[in-house]
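Listed below are the residues making up each chain.
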Amino acid sequence: MTDNITAGSPMSDTSSPVDGYVGDPAVRAEWDSRYADRQQLWSGRPNGALVAESTGLTPGRVLDVGCGEGADAVWLARNGWKVTALEVSGVALERAAGHARDAGVAVRWVHAALTEATLPPASFDLVSAQYPALLRTPDAAAERALLAAVAPGGVLLLVHHAGMDTPQTHDSGFDPADYVWPSMVAALLNDDWEVEVDEQRPRVAPDGGAGAHHTDDLVLRVRRLS
């Protein structure tokens, strides 16, 4: 197995998945600190919405946005997908690469922010963003980057925690207005896209790990027609 990392170019290979970070150093430091505080932050199992929504899709090229410790990336690779996994935290990427090695699967690791990464445009059959912490900008850069990565005929699957985009969460210091939510991506769709799923539904949550207390998902699945 070969672990690859894309920084300046998606085709460049290097021995470490944390070389050549592209993005805001403060964001990387914040997430590195979160991961370093625990030996394992997430459950280690793939997200339920990804498993459900990718069932029936023909495996091809997939972009895993915010791959964390790699559970989704490893599951996708085991199921025949050619995986590119993107993450801002070098701590998380090192763990993810280790899990992929243990599983005997190949994953291309991208140590970058989504809006800063050099990714081949319109080339992924599936773009999966499971509960991503994508910062909102006036030009909707993150939303547009998600859509731009999808190949014609491909699918964007964006899943987030329901209820977190409401003012009640402000007391914790988290401001939902700072982040991208499925409705913001849906608002950018034109006739080149078909909405296949846009709903709130009970979450199929892995046991353990951060975020396990959330009970409902917002699920947006859209297909690029051309």
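Residues numbered from 1 in each chain as written. Predicted model: local features only at pLDDT ≥ 70, side-chain atom pairs only at ≥ 80, totals over all residues. Heavy atoms only, no water.

K.L.:
I'd like a rundown of the side chain of R224, residues and numbers included.
P.N.:
The topology assignment puts R224 in strand β8 (residues 216–224). Of the side chains bearing the opposite charge, D192 lies closest to the buried R224, which forms no salt bridge; the N-O distance is 5.9 Å. There is a polar contact of 2.7 Å between the side chain of R224 and the backbone oxygen of V150. With near-sequence residues (within four places) excluded, R224 lies in contact with A122, L147, A148, V150, A151, P152, G153, G154, D192 and W193. (Helix = DSSP H or I, 4+ residues; strand = E, 2+ residues; numbered from the N terminus. Buried < 20%, exposed > 50% of the residue type's maximum accessible area, 1.4 Å probe, protein only. Lys, Arg positive; Asp, Glu negative; His and termini not counted. Salt bridge = Lys/Arg side-chain N within 4 Å of Asp/Glu carboxyl O. Polar contact = N/O pair within 3.5 Å; in protein donor to acceptor, adjacent residues only side chain to side chain. Contact = heavy atoms within 4.5 Å.)

K.L.:
Give me the lowdown on unusual backbone geometry, citing residues and values where you can.
P.N.:
With a phi close to 55°, Y131 is a non-glycine residue in the positive phi region. The topology assignment puts Y131 in the loop between β5 (124–130) and α5 (141–148). Phi at A140 takes a positive value of approximately 55°, unusual for a residue other than glycine. Here A140 lies in the loop between β5 and α5.

K.L.:
Which residues make up the environment of L146, and what values do they have?
P.N.:
With respect to the helices and strands, L146 occurs in helix α5. Separated by 24 residues in sequence, L146 and A122 have C-alpha atoms that sit 9.8 Å apart.

K.L.:
Please provide a residue-by-residue account of the packing of aromatic side chains, values included.
P.N.:
One pass over the structure, following the stated rule, counts one aromatic pair. Relative to Y35, the ring of W31 lies with its centre 6.3 Å away and its plane at 45°, an arrangement referred to as tilted. Separated by four residues within a single helix, W31 and Y35 lie in helix α1 (residues 25–36), roughly one turn from each other. Seen from the ring of F124, R61 lies directly overhead, with NZ or CZ sitting 5.1 Å from the centre. (Phe/Tyr/Trp six-rings, centres within 6.5 Å; stacked < 30°, edge-to-face > 60°. Lys NZ or Arg CZ within 6 Å of the ring centre and 35° of its normal.)

K.L.:
Could you give an account of the pattern of salt bridges, with specific residues and numbers?
P.N.:
Enumeration over the complete set of coordinates arrives at eight salt bridges. In this structure, E53 engages R221 in a salt bridge whose closest nitrogen and oxygen atoms are separated by 3.4 Å. Pair noted here: E53 is in helix α2 (residues 48–54) and R221 is in strand β8, with a separation of 168 residues, a long-range link. Here E53 falls in the buried class, since its relative accessible area comes to 10%. Since its relative accessible area comes to 13%, R221 is described here as buried. If you follow the salt bridges from partner to partner, you end up with E53, E196, E199, R201, R221 and R223 in one network.

K.L.:
Account for the packing of α1 against helix α4 (residues 90–103), naming residues and giving values.
P.N.:
It is the contact of α1 with α4, at a shortest axis distance of 7 Å, that shows an interaxial angle of 55°. As summarised for this structure, α1 and α4 are arranged oblique, according to the angle between their axes. Contacts from R28, D32, Y35 and A36 of α1 reach α4 at G90, V91, A92 and R95. For the contact of α1 with α4, a count of residues per class yields four nonpolar, one polar and three charged. (Axes fitted to C-alpha atoms, helices over the stretch in contact; angles between N-to-C directions. Parallel < 35°, antiparallel > 145°, perpendicular 65-115°, else oblique. Nonpolar A, V, L, I, M, F, W, Y, C, P; charged D, E, K, R; others polar.)

K.L.:
Go over the pairing of strand β4 (residues 107–111), please, and point to the residues and values.
P.N.:
Regular strands place side chains that alternate from one sheet face to the opposite one. The element β4 is largely enclosed, with a buried count of five among its five residues. Considered for its hand, the β-α-β crossover made up of strand β3 (residues 82–87), α4 and β4 is right-handed. (Right-handed = clockwise from strand over helix to strand, strands pointing away.)

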